[in-house]
Structures are given as C-alpha cells and as structure tokens.
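An overview of the molecular structure
Okay, here's what each chain looks like letter by letter:
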Amino acid sequence: MAVLRREKGQSLQGSRIAVAILIGILLGCVFAVFYPHGFFSSNPTGSHRRIASSNLQTGLSSCESPERIKMVKSDIVLISEKNAELKKQVRELNEKLQLAEQGQDHAQKQVLLLGKQQKAGPFGTVKGLRTNPTVVPDESVNVRLAKLLEEVAVHKELIVALANSNVKTMLEVWFANIKKAGIRNYLVVALDDHIVDFCKSNDVPVYKRDPDSGIDSVARTGGNHAVSGLKFRILREFLQLGYSVLLSDVDIIYLQNPFDHLYRDSDVESMSDGHDNMTAYGFDDVFNEPAMGWARYAHTMRIWVYNSGFFYIRPTLPSIELLDRVAGRLSREPNSWDQAVFNEELFSPSHPGYDGLHAAKRTMDMFLFMNSKVLFKTVRKDPALKTLKPVIVHVNYHPDKLRRMQAVVEFYVNGKQDALDPFPDGSDW
Ligand SMILES: *[C@@H]1O[C@H](CO)[C@@H](O)[C@H](O)[C@H]1NC(C)=O
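First things first, this report covers the structure right here in the doc. (Residues numbered from 1 in each chain as written. Predicted model: local features only at pLDDT ≥ 70, side-chain atom pairs only at ≥ 80, totals over all residues. Heavy atoms only, no water.)

Regarding helix α12 (residues 317-332)
Relative to the 22 Å expected for 16 residues at 1.5 Å per residue, α12 spans 22 Å between its end C-alpha atoms, a close match to the ideal helical length. Residues of α12 that are buried: Pro-318, Ser-319, Ile-320, Leu-322, Leu-323, Arg-325, Val-326, Ala-327, Gly-328, Arg-329 and Leu-330. (Helix = DSSP H or I, 4+ residues; strand = E, 2+ residues; numbered from the N terminus. Expected span 1.5 Å × (residues − 1). Buried < 20%, exposed > 50% of the residue type's maximum accessible area, 1.4 Å probe, protein only.)

A look at the pairing of strand β4 (residues 244-248)
Of all five residues in β4, five are buried; the element is thus mostly enclosed. By the alternation rule, side chains of β4 split into Ser-244, Leu-246 and Ser-248 and Val-245 and Leu-247, which are all buried. Sheet topology places strand β1 (residues 157-163) next to β4; four bridges connect them, and they run parallel. Residue pairing for β4: Val-160 is matched across the bridge by Leu-247. Of the pairings in the sheet, the one linking β4 to strand β9 (residues 306-313) comprises four bridges and is antiparallel in character. (Pairing = 2+ DSSP bridges.)

As for the sheet that holds β9
Either a parallel or an antiparallel arrangement is found when strands of a sheet pair, and the pairing is made through backbone hydrogen bonds. In spatial order, the strands read β3-β2-β1-β4-β9-β6-β10; together these seven strands make up an open sheet with mixed pairing. Two strands in the sheet have a free side with no partner beyond their single neighbour: β3 (206-207) and β10 (361-363). With three bridges connecting them, strand β6 (residues 268-272) and β10 associate as parallel partners. For Ser-270, the partnering residue across the bridge sits in β10 and is Thr-363. Contacts between helix α8 (residues 193-201) and the sheet are confined to β1, β2 (186-190) and β3, with β2 contributing the most and set at about 150° to the helix. In the packing of helix α13 (residues 338-347) onto the sheet, contacts are made with β6, β9 and β10, and the angle to β9 comes to roughly 55°. (Contact = heavy atoms within 4.5 Å. Axes fitted to C-alpha atoms, helices over the stretch in contact; angles between N-to-C directions.)

As for the nonpolar core
In summary, soluble globular proteins display a tendency toward joint burial of nonpolar side chains. Formed by 52 residues in total, the largest nonpolar core has its most connected members in Leu-171 and Trp-174. Leave out the neighbours within four places in its chain, and Trp-174 touches Ile-159, Ala-161, Tyr-186, Val-188, Ser-248, Asp-249, Val-250, Ile-252, Tyr-254 and Met-405. Judged by nonpolar contacts, the second largest core, of 37 residues, contains Val-135, Ala-146, Ile-234 and Leu-346. (Core = buried A, V, L, I, M, F, W, Y, C linked by side-chain atoms within 4.5 Å.)

Quick look at the environment of Met-366
Along the chain, Met-366 turns up in the loop between β10 and β11 (369-371). Met-366 gets classed as buried once you look at its relative accessible area, which sits at 4%. The sequence separation of Met-366 and Pro-390 amounts to 24 residues, and the corresponding C-alpha distance is 9.0 Å. Ignoring any residue separated from it by four or fewer positions in sequence, one finds Met-366 in contact with His-275, Asp-276, Asn-277, Ala-280, Tyr-281 and Val-374.

Let's talk about the sheet that holds strand β5 (residues 252-254)
Spatially, the three strands line up as an open sheet ordered β5-β12-β11, and their pairing is mixed. The strands lining the two open edges of the sheet, one partner per strand, are β5 and β11. Strand-to-strand twist in this sheet, taken as the mean axis angle between neighbours without regard to direction, amounts to 15°. Relative to strand β12 (residues 392-394), β11 runs parallel, the two sharing three bridges. Bridged to Asn-371 within β12 is His-394. Sitting on the sheet, helix α16 (residues 401-412) is in contact with β5, β11 and β12, with an inclination near 20° to β5.

Points about unusual backbone geometry
In this structure, His-155 takes a positive phi of about 50° despite not being glycine. Among the secondary structure elements, His-155 is positioned in the loop between α6 (143-152) and β1. Among the residues examined, His-155 registers a relative accessible area of 72% and is labelled exposed. Its identity is not glycine, yet Arg-264 carries a phi of approximately 60°, on the positive side. Note on Arg-264: relative accessible area 30%, which makes it partly exposed.

So, the side chain of Arg-329
Along the polypeptide, Arg-329 turns up in helix α12. For Arg-329, a relative accessible area of 15% corresponds to the buried category. If sequence neighbours within four positions are ignored, Arg-329 has contacts with Ser-336, Val-341, Glu-344 and Glu-345.

Examining the packing of aromatic side chains
Considering all chains together, one arrives at eleven aromatic pairs under this definition. Plain terms: the ring middles of Trp-174 and Tyr-186 are 6.1 Å apart, the flat faces sit at 70° to each other, and that makes the pair edge-to-face. Of this pair, Trp-174 sits in helix α7 (residues 168-180) while Tyr-186 sits in strand β2, and the two are twelve residues apart along the sequence. For Trp-174, a relative accessible area of 0% translates into the label buried. With a centroid separation of 6.2 Å and 85° between ring planes, the pair formed by Trp-174 and Tyr-254 is classed as edge-to-face. Taken together, the positions of Trp-174 in helix α7 and Tyr-254 in strand β5 put the pair 80 residues apart, joining distant regions of the chain. Accessibility classification places Trp-174 together with Tyr-254 in one group, the buried group. An aromatic cluster is defined as three or more aromatic residues linked by ring pairs; in this entry it consists of Trp-174, Tyr-186, Tyr-254, Phe-310 and Phe-369. Over the face of the ring belonging to Phe-198 we find Lys-168, whose NZ or CZ atom lies 4.7 Å from the ring centre. The cationic tip of Arg-362 hangs over the ring face of Tyr-263; the distance from NZ or CZ to the ring centre is 3.6 Å. (Phe/Tyr/Trp six-rings, centres within 6.5 Å; stacked < 30°, edge-to-face > 60°. Lys NZ or Arg CZ within 6 Å of the ring centre and 35° of its normal.)

Next comes the structure, spelled out in structure tokens:
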C-alpha cells in the first residue's frame, strides 16, 4: 500500500513544472474568482483533483498575470511539501500497522495498556517483570463461594484442601495443627457429605460444591485421574473470584503460619520435591559422552519437580492458564500423573509447534517448607538443622503418612527429641 502511493506521488512530482506552468496560466483567473484566499486548507491530494476538474469545466480563461503565475507556483510547491509530509506519516503508520500485524508486539501492546515504555537503567539495576497483575474478580462465577470466601479469607488469601472420607483421620491431624498454629484463613473443599458434617462438627470452614454443577459429577462418578483434574478446576473459581490460594494436601503438618513466609512475587510459589540445594534449586547436570571426544561433556539444566500438593498460586492470567492447561491434559491423557503434568506445563519452554506457559515461578525454602525426605534423610540427623522449626512438614515421601505425621507433631510441637528415630529414611516397602 505504501509503495503504491509513493510511485503515484513521484510521477506527479516528475511533471511538476510543466503542469505548474500550464495550470497556472489556465486557472489563474478561476482561482481569483472562486478561491480568493487560496484552496490548500486541509486536503492537498483532493485539491489536485479539484484543479483538474475545474480546468475541464471552465476551459481557457483570460486574465493571467505574472503575479498570479507566481502565486500558483508557490501554492503548488506548498502542495508538494504537504504531500511529502503526508506520505511520511502514512509510511510511519504503515510500519506500525505491519508490526501489529506480525502479532509479535504483544508486550508492546501491554506496555501501551499498562504504562509508559521505559529506557533500560544502568548496569545491574535492571529487573524484568515477574509479578503479573491480578485479574478483576468476577463474583458471577460462583456467588455462594464468593460470600464464603469473604468470611474465611484474610487479605484475599487462604489455604484450601480437598478431602473425602478416605483421608478423614489425616484431615483431623491437618486442621488440628492449623488451629494450633493460629491460622484462621483455611477452607476444606469437601468431596462428600460425611466430610461436610465432620468439618462442621469440628468448627472447620467447609465448602461443598453445588451437586448440579458439571465439575461435581466428575467427583462422584469420575475415576482417580478425573478427580485429580478436579482439583485444578475447583481452584480456578477461587482465582476467578480474585483470591490467592495456598493449595494444601492433607498429609501436611502446620507448625507456623505460612502466610508470614511467602514472597508473593510470582504466579506460582511451590514447595520442592528436592532434598538439597542442587536438587531443590536447580543445577548443571553434566552429561558425558566420551565418543564425542573434545565435546564429550554436554551441560544440562536440572531441577527436582515442584510438589503439586503444596503451592501458592496468585490470581493472574498465567496462573489460570496453568490450571486450565493441566486440567485439560489430565482429561485428555487418562494415564498421566497430575504432578508430572503440572511440572511439564510450568517448565517446558516454547519451541516449534508449542507455546510454553511463561508463568513466573519461585521455589520455596526447602527447610521451611519441608518434605519428608529432607526431614528423615537429613534434618533429623543434623544437630543444627534439628533446631530449626519448619513452617510446614509434608509427609509426601512416605506411605505410612499418619504415623509419621504424628511423630512430626511429637517432635516439633511436644518437643519429644526421639520421636523421629524409629522410622527408616525411606519406606520399608
Ligand atoms: C545451601 O545453600 C545455602 C544458601 O545459599 C548455603 O548457606 C548452604 O551452605 C548450602 N548448603 C550446602 C550443603 O551446600
């Protein structure tokens, strides 16, 4: 489009002098009569056309004076200048349009929406965005839940656990220690009526979904995997209502208030399945292939997975996209494990044929948000680490969950120093 216009303009300019003289002579008088104050007010291109048509209509006129010719000449120069300026503007607009059409200026559009473009600051002072804006709360998603969360949440955040009757005894230890730690903002999403009654009789905030809702029929009739997908679908509503959720399994002992130990700078802040600095926080795992000779060492980035049974998720678009992607894949791939899918969606980079998630993530301190491998393999044998009080302990690495949960309470709450000793590091099979 820009190119076409430019060619047209050049041909006009090429014959400019001839046209100027001719038109000047022919139309000096016409201008004097009809346009005593000049005609170049707003649309130079249009004026050109107007000159031409006036010429045809009026034919030759008589009163051509040198002043008139001069005036018309200077007017035409003015047209050309205005024309050039206009073309420049069109060119610039076209460039902007092209950029937009490439679909690669998403970030630029966000900048236009959110604020001013910035210059980069001096060396070492520059930080990219990692804290995404929260979504506008949408109460219409679930009015009943919105009302409940107004009562339960503190500063728009709360702990949420899903529970059915199979985990009732663990749930009891779970909320007993939450209460003991002085935490008020927590909620049990009951998957059956027995858990509703159990929570009510223990003064535990409980929520059960509307039995008519599409999600809930999954809970009743769906297999294991459908139910694990359920967690992510239910969480979505909390986020849509504008709440940050600390999602919690029930095999977790609370020793301090976790909300005093969050950074809140990322979409997802999660505890790790890692057991030392390297595995929890990432490391360069060097792959050795001697046949490659000089290039035998290939470097890889590794990190132990995030634990999808304990993570803090902020109500942002990337967070909700994560939940949707995980729930979608769990329903399409019935043999997949929700924690594996959660990590794949969170960490896989964009590549040909695939758009990665681009969520901001943070790994929690492995000694504050401790998994049971760290506790039984390392901490309980280390006199210094033994004295530190974690925020939570997640008995995720051991199948004898209830016994180990009780031992954790004995050790950290009741100060029984040998409470952890009877257990092997791993499970006995
Ligand atoms: C792990 O990292 C922390 C923090 O960087 C450091 O203080 C500690 O010494 C490290 N531990 C080991 C065993 O390297």
